Amino acid sequence: MALRQPVKRWQPGLWASWVPFGIGEQRPNNYWEVLRAAWENRGRLGYAWRILREGCCDGCALGTAGLRDWTAPGIHLCNVRLRLLRLNTMPAFDPAVVRDVRHFAGRQAAELRQLGRLPTPLYRRRGEPGFRPLSWDEALELAARRIRASSPERLAFYLTSRGIPNETYYLVQKAARAIGTNNIDNAARLCHAPSTLALKETLGVAATTCSYVDLIGTDLVVFFGSNVAVNQPVMMKYLYYARKAGTRVALVNPYREPAMERYWVPSIPESALFGTRIADAFFPVLPGGDIGFILGTIKWLSEHDGIRWEFVERHTTGFAELRESLDRTSWEELERSAGLGREEMAAFGRTLLEAERAVFVWSMGVTQHTFGEDVVRTIVDLALVRGYVGREGCGLMPIRGHSGVQGGAEMGAYATTFPGGLPVNRENAARLAELWGFPVPDVPGLTAPEMVAAAERGAIDLLWSIGGNFMEVLPEPERVRRALESVPLRVHQDIILTPQMLIPADEVLLLPATTRYEIPGGVTETTTERRVIFSPEVPGPRVRDARPEGEVLIELAARVRPELGGRLRYRDLQEVREEIARAIPAYDGIQHLRKRGDSFQYGGRLLCAGGHFPTPDGRARFSLVPLPERRVPPGALRLVTRRGKQFNSMVLAQQDGATGLRRDDALFSPQDARALGLRDGQRVRLRNAHGELEVRVRVGPVKEGSVQAHWPEANVLLGSEGSPRSRIPAYKDAYVFVEPLE
């Protein structure tokens, strides 16, 4: 049966407000963002418009061809993309600006961004007040000389998701392995490594199983720990059409996100005028309580004839063991773990019973726990018991927040996997060695947190960071600072100046990078729905000395190992895409992308279509997941870090238009505020063994027993513990004590 189509007539029953344009409501002002972007880019307005019209968005991972997409009619443009636009158009600063950087001490990243683009290679020795220019030849020879004097296990390479395309990820990981190390990691790990691992083990695939079009007209969309209204705003346009087609939307989350409840879609007249009610069912679990809640729901479904036995018996294995485990688990245990009662689990179960088809979407509210993989496994279990995989209008969607991370993982820019997601081992290393023509290391390397730990021990001689800012991304920022100071040579390759570049070391080298729109011949990115999209080179002004990161790393590797120069250097990126197609079978087709709008979706619209899973026996696997042990000391609250108006760790505004929260605000439940004697607006200190943070109390619909503070500011309250298998920090898994300051 085909998916329902959206109703074309206006539907007042879905309106968020009868007040035109939501005047007086707390909501993002998307029209103001358009005016702001026009003013901010006024000196290069033509170039800014060409980037929007021609390029593939460098914001989230929904994906565009200019201002259009493959899912819904009309304009695809959001406030995140508009805020990032200036990074692509601003000119370089004068190198004299950084001749003495001591006056930049304490400056925030947003202030440093305003200086402009990095102009040329810059170099600083310990004890010197600032940076002096170098030629590219001097810079590369310096780095190559230091690498030759070291050993591969003492080198580390890191890439973030700032608009980095597939070709760059592929070239950088190839260069690192040519030098002899698997110490390479990227920001994809910090978001969805638990999803990749759990999906691969249970379904045999490591990506979204459906497409965005499956959201529109299905019966139900459930968001677990995901706030797409802030992180992927155009998704709200898709959800508008879904609601118009009769789709229900449920939110399983410790906070009742206002923008997930009501949203004004600026490109659709009806929604722009009166807003749209999006989520119509809310289940406020404890932070990390998803496992107990989902297992309780499965237990209820099992007791109320809610299992799709035909699908379970024909296409899965392991359900009998899961059912036996749930029979032995009391409702009281499940309720205590979830923070919700049996009646809420029954209500969610009834919602699923009424849904012939559903899509489950999740993000970092699920993955960034010490047990993130287990949460994903239970989401998979729930989808399997209802047969929500491999059918139109059904699927599992770990939604990506940044345009580069899906491809970053699949291109092999990981310490633990090679291109195509193959594990680092002797067999796969030999296969790559045959393709590349040189030996490939076969032992897993260091992840980003492990790089910092190794630097702290004095075990890293060189850290090469492409984009990113460890000082803002990782927990325990002061510890990270000390670790960065101890690395003899740090190389930062980026488009702008960031605070971590100013941390002294024996030697610091800054290299100016290009944006994706400046890379000759154009590049590609991979979206959440597995669509590989061509983003063309956009004509316009250039920073004269900026060079593409992949080109630089390949040249570096050729200097370190001159005998491999002929095997490493490439004619153009078309040749690189042809090699990617050979290295990663799923990407066969990338070599045919040549102009704006060219794309293909690897695996097709649906993975696991018809219940056929690429596992050894062709069946999906249920998982036996224990209820997590999460003890909180008496008087403490669970701490959850949250995003505001930001992109990755890049804070774009001090106030979040969706919630009204400022960066120093923290969310408390009314019950906890009363119990602690706190009033709205009061200053308090959040404290634990790792550090302390002063915040302002904001009372709102957050789960009792928890407090939410903004990331990355709250990193001072997080430790280095994290997921043991995915090896990522537990950004949602701490606790704090609250001390009034007034």
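Higher on the page you've got the structure.
The notes below deal with the structure included here. Bear in mind the structure is a predicted one, so any value in this text is a computation, not a measurement.

**Section: the overall build of the protein**
Part 1 of the reasoning: Helix and strand counts for the protein come out as 27 helices and 27 strands.
Part 2 of the reasoning: Computed over the C-alpha atoms, the radius of gyration of the protein is 25 Å, within 12% of the 27 Å expected from 2.2 N^0.38 for a compact globule of 742 residues.
Part 3 of the reasoning: Of all 742 residues assigned to the protein, the portion counted as buried reaches 64%.
Part 4 of the reasoning: Of the contacts made within the protein by residues no fewer than 6 positions apart, 78% connect residues no fewer than 24 positions apart.

**Description of the sheet that holds strand β2 (residues 132-133)**
Part 1 of the reasoning: Sheet architecture is open: 7 strands sit in the order β2-β1-β15-β14-β13-β3-β4, paired in mixed fashion. Sheet topology places β2 and β4 (184-186) at the edges, where each strand pairs with a single neighbour.
Part 2 of the reasoning: Relative to β4, strand β3 (residues 155-159) runs parallel, the two being bridged by 3 bridges. Within the sheet, the bridge partner assigned to phenylalanine 157 lies in β4 and is isoleucine 184.

**Here's the deal with the pairing of strand β25 (residues 692-699)**
Part 1 of the reasoning: Here strand β23 (residues 665-668) pairs with β25 via 4 bridges, running parallel. Across the sheet, leucine 667 pairs through a bridge with arginine 698, a residue of β25.
Part 2 of the reasoning: Counted along the chain from strand β24 (residues 683-687) to the antiparallel partner β25, the turn is 4 residues long.

**Observations concerning helix α14 (residues 319-328)**
An α-helical segment advances 3.6 residues per turn. Residues three or four places apart therefore align on the same side.
Part 1 of the reasoning: Turning to α14, its buried residues number three or more, namely Phe319, Leu322 and Leu326. The buried residues of α14 occupy an angular sector of 60° when projected down its axis, which confines them to one face. Turned more than 90 degrees from where α14 packs its buried face, Asp327 and Arg328 sit exposed.
Part 2 of the reasoning: In the core, the buried residues of α14 are packed alongside α12 (290-303), α13 (309-315), β10 (316-317) and α18 (372-386).

**Re unusual backbone geometry**
Part 1 of the reasoning: Following tryptophan 711, the chain continues to proline 712 via a peptide bond in cis, the omega torsion being 15°.
Part 2 of the reasoning: With respect to the element layout, proline 712 can be found in the loop between β26 (706-710) and β27 (734-740).
Part 3 of the reasoning: A positive phi angle, near 55°, is found at aspartate 305, a position not held by glycine.
Part 4 of the reasoning: Summarising the element assignment, aspartate 305 is placed in the loop between α12 and α13.
Part 5 of the reasoning: A residue is classified by how much of its surface remains accessible, and aspartate 305, at 65% relative accessible area, is exposed.

**As for the sheet that holds strand β18 (residues 599-601)**
Part 1 of the reasoning: Pairing within the open sheet is antiparallel, and its 3 strands lie in the order β16-β17-β18. Looking at the sheet topology across the chains shown, the edges are occupied by β16 (523-526) and β18. Averaged over neighbouring strand pairs, the angle between their axes works out to 20° when direction is ignored.
Part 2 of the reasoning: Pairing geometry for strand β17 (residues 531-535) and β18, over 3 bridges, is antiparallel. Residue pairing in the sheet places valine 532 in a bridge with phenylalanine 600 of β18.
Part 3 of the reasoning: Sitting on the sheet, helix α6 (residues 166-179) touches β16 and β17, and the angle it makes with β16 is about 95°.

**A look at the pattern of salt bridges**
Part 1 of the reasoning: As enumerated under the stated definition, the model contains 59 salt bridges in all.
Part 2 of the reasoning: Between glutamate 713 and arginine 663 there is a salt bridge; the shortest N-O distance is 2.8 Å. On the criterion of sequence distance, the pair formed by glutamate 713 in the loop between β26 and β27 and arginine 663 in the loop between β22 (650-651) and β23 is long-range, its members being 50 residues apart.
Part 3 of the reasoning: Judged by its relative accessible area of 29%, glutamate 713 is partly exposed.

**Concerning the pairing of β27**
Part 1 of the reasoning: Here strand β20 (residues 637-642) runs beside β27; their pairing, made up of 3 bridges, is antiparallel. Bridge assignment links arginine 638 to a residue of β27, and that residue is tyrosine 735.
Part 2 of the reasoning: Pairing analysis gives 4 bridges linking β24 to β27, with the strands arranged antiparallel. Bridged to arginine 685 within β27 is glutamate 739.

**Some thoughts on the packing of aromatic side chains**
Part 1 of the reasoning: Taken as a whole and assessed by the stated rule, the structure comprises 22 aromatic pairs.
Part 2 of the reasoning: Judged by centre distance (5.4 Å) and plane angle (75°), the ring pair of tryptophan 309 and phenylalanine 319 falls under edge-to-face. Of the two residues, tryptophan 309 sits in helix α13 while phenylalanine 319 sits in helix α14, which places them 10 residues apart along the sequence.
Part 3 of the reasoning: The exposure class assigned to tryptophan 309 is partly exposed, which follows from its relative accessible area of 30%.

**Let's talk about the nonpolar core**
Part 1 of the reasoning: If you look at the biggest cluster of nonpolar residues, it comprises 62 residues, and the most contacted ones within it are Phe157, Trp464, Leu509, Leu553 and Leu556.
Part 2 of the reasoning: Looking at this core element by element, the count peaks at 8 residues for α6.
Part 3 of the reasoning: Those residues in contact with leucine 509, other than ones at most four positions away along the chain, are Leu122, Tyr123, Leu134, Ala139, Leu142, Leu489, Arg490, Val491 and His492.
Part 4 of the reasoning: In this structure, Ile291, Met345, Val380 and Ala383 belong to the second largest nonpolar core, which totals 57 residues.

**Re the environment of proline 616**
Part 1 of the reasoning: Residue position: proline 616 is located in the loop between β18 and β19 (620-621).
Part 2 of the reasoning: Residue class for proline 616 comes out exposed when judged on its relative accessible area of 84%.
Part 3 of the reasoning: Distance from proline 616 to glutamate 694, taken between C-alpha atoms, is 53 Å for residues 78 residues apart in sequence.

**Brief notes about the environment of alanine 92**
Part 1 of the reasoning: As for its position among the elements, alanine 92 is in the loop between α3 (79-89) and α4 (109-113).
Part 2 of the reasoning: Sequence separation of alanine 92 and arginine 431 is 339 residues, and the distance between their C-alpha atoms is 43 Å.
Part 3 of the reasoning: Here alanine 92 is in contact with Arg117, Leu118, Pro119 and Val543, once residues within four sequence places are set aside.

Calculation criteria
- Residues numbered from 1 in each chain as written.
- Predicted model: local features only at pLDDT ≥ 70, side-chain atom pairs only at ≥ 80, totals over all residues.
- Heavy atoms only, no water.
- Helix = DSSP H or I, 4+ residues; strand = E, 2+ residues; numbered from the N terminus.
- Rg over C-alpha atoms; globule rule 2.2 N^0.38 Å.
- Buried < 20%, exposed > 50% of the residue type's maximum accessible area, 1.4 Å probe, protein only.
- Contact = heavy atoms within 4.5 Å.
- Pairing = 2+ DSSP bridges.
- Arc of directions from axis to C-beta.
- Axes fitted to C-alpha atoms, helices over the stretch in contact; angles between N-to-C directions.
- Salt bridge = Lys/Arg side-chain N within 4 Å of Asp/Glu carboxyl O.
- Phe/Tyr/Trp six-rings, centres within 6.5 Å; stacked < 30°, edge-to-face > 60°.
- Core = buried A, V, L, I, M, F, W, Y, C linked by side-chain atoms within 4.5 Å.

Scope: geometric values only; no functional claims are made or implied.
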